[in-house]
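Chain residues, written in single-letter form:
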Amino acid sequence: MAEYSRSGITGRIIGLLLLIIILAGGGLLWLDYLNVIDVKTVLSPLYRFIGLEGRTQPELPAGGTLNLNDERYAILLEAMDLKNMEMDRRAADLQNRQGEIEQMAQELDDRQKALEEQEKSFNAQVQEADTRSKNVEQNARNLTGMPPERAVGILAAMDDQDVIDVLRKTEEIAAAEETTSIVPYWLSLLPPERAAELNRKMAARPPNL
């Protein structure tokens, strides 16, 4: 009878302990749900004892408290840092793009200057050709007005190309004025070898070249 009493008391004790544990666990869960306490933080020593990783609160400075506004401010600062980094990256991209645009503008400016130099050179060549053409025409008219022997003496002292230009211009003037060209007579007064060489060059190179 005494043994049965002791067994009953032991069972009741165990039952009460289980009830206490259940009530304590339920209370902890309820307090955790209400954000009054953090169960995993409170029970972190027990977690470490059984080999599990518990959750710990962030360390605060002495006398400090965990402030939600501070956390929001920290998040805002982090977002601003990210925004600043993005703005710096875009600024660097814009600067690189600006450098490329300036380089392209410089290349276009160099090309424009090269084209202007080519145009000046071309205009100078045209002017030079026009001046030469006028000089050749004036020489042809002057020689035509001279006695043939004197004109041939002047032609004999000139370079072959200059002589050819004068002879052709003389023929053009005669054709335009519908007069007889004196060129064949001039050639007949030149030394035969020189006259043959001039005729060969005139035949080998058309007037437009």
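About the cut-offs
Residues numbered from 1 in each chain as written. Predicted model: local features only at pLDDT ≥ 70, side-chain atom pairs only at ≥ 80, totals over all residues. Heavy atoms only, no water. Helix = DSSP H or I, 4+ residues; strand = E, 2+ residues; numbered from the N terminus. Buried < 20%, exposed > 50% of the residue type's maximum accessible area, 1.4 Å probe, protein only. Areas by Shrake-Rupley, 256 points an atom, 1.4 Å probe, with all protein chains shown as cover. Expected span 1.5 Å × (residues − 1). Arc of directions from axis to C-beta. Axes fitted to C-alpha atoms, helices over the stretch in contact; angles between N-to-C directions. Parallel < 35°, antiparallel > 145°, perpendicular 65-115°, else oblique. Contact = heavy atoms within 4.5 Å. Nonpolar A, V, L, I, M, F, W, Y, C, P; charged D, E, K, R; others polar. Core = buried A, V, L, I, M, F, W, Y, C linked by side-chain atoms within 4.5 Å. Patch = residues over 30% accessible without salt bridge, like charges linked within 9 Å, V, L, I, M, F, W, Y side chains within 5 Å. Salt bridge = Lys/Arg side-chain N within 4 Å of Asp/Glu carboxyl O.

### Things to note about the overall build of the protein
Move 1: Counting secondary structure elements, the protein contains eight helices and zero strands.
Move 2: When the helices and strands of the protein are placed in sequence order, the string is α-α-α-α-α-α-α-α.
Move 3: When the 209 residues of the protein are sorted by exposure, 14% land in the buried category.
Move 4: Carbon together with sulfur atoms contributes 59% to the accessible area of the protein, which is approximately 16,800 Å² in total.

### Structural notes on helix α8 (residues 192-204)
Move 1: Here α8 is 13 residues long and its end C-alpha atoms lie 18 Å apart, about the 18 Å a rise of 1.5 Å per residue gives.
Move 2: For α8, the set of buried residues is Arg 194, Ala 195, Leu 198 and Met 202. The arc that holds the buried residues of α8, viewed along the axis, is 100°, so those residues lie on one side. Residues of α8 that are exposed and point over 90 degrees away from its buried face: Pro 192, Glu 193, Ala 203 and Ala 204.

### Focus on unusual backbone geometry
Move 1: Of note in the backbone geometry, Glu 178 takes a positive phi value of approximately 55° without being a glycine.
Move 2: Its location among the elements puts Glu 178 in the loop between α6 (160-177) and α7 (183-189).
Move 3: Its relative accessible area of 74% is what places Glu 178 among the exposed residues.

### A look at the packing of α6 against α8
Move 1: Where α6 contacts α8, the axes come no closer than 10 Å and their chain directions differ by 70°. In terms of orientation, α6 and α8 fall into the roughly perpendicular class. Across the interface between the two elements, Asp 160, Val 163, Ile 164, Leu 167 and Arg 168 of α6 pack against Arg 194, Glu 197, Leu 198, Lys 201 and Met 202 of α8.
Move 2: For the contact of α6 with α8, a count of residues per class yields five nonpolar, no polar and five charged.

### Here we look at the nonpolar core
Move 1: Core analysis: the largest hydrophobic core is formed by 18 residues, its most contacted members being Leu 155, Leu 167 and Trp 186.
Move 2: Of all the secondary-structure elements, those providing two or more residues to this core are α4 (68-144), α5 (148-156), α6, α7 and α8.
Move 3: At five residues, α6 tops the list of elements feeding residues into this core.
Move 4: Once you skip the residues sitting within four places of it in the chain, Leu 155 turns out to touch Leu 143, Val 163, Val 166, Leu 167, Trp 186 and Arg 194.

### Considerations on a nonpolar patch on the surface
Move 1: A surface patch of nonpolar side chains, amounting to about 690 Å² of accessible area, comprises Ile 9, Ile 13, Leu 16, Leu 17, Leu 19, Ile 20 and Leu 23.
Move 2: One can find Ile 13 in helix α1 (residues 2-33).

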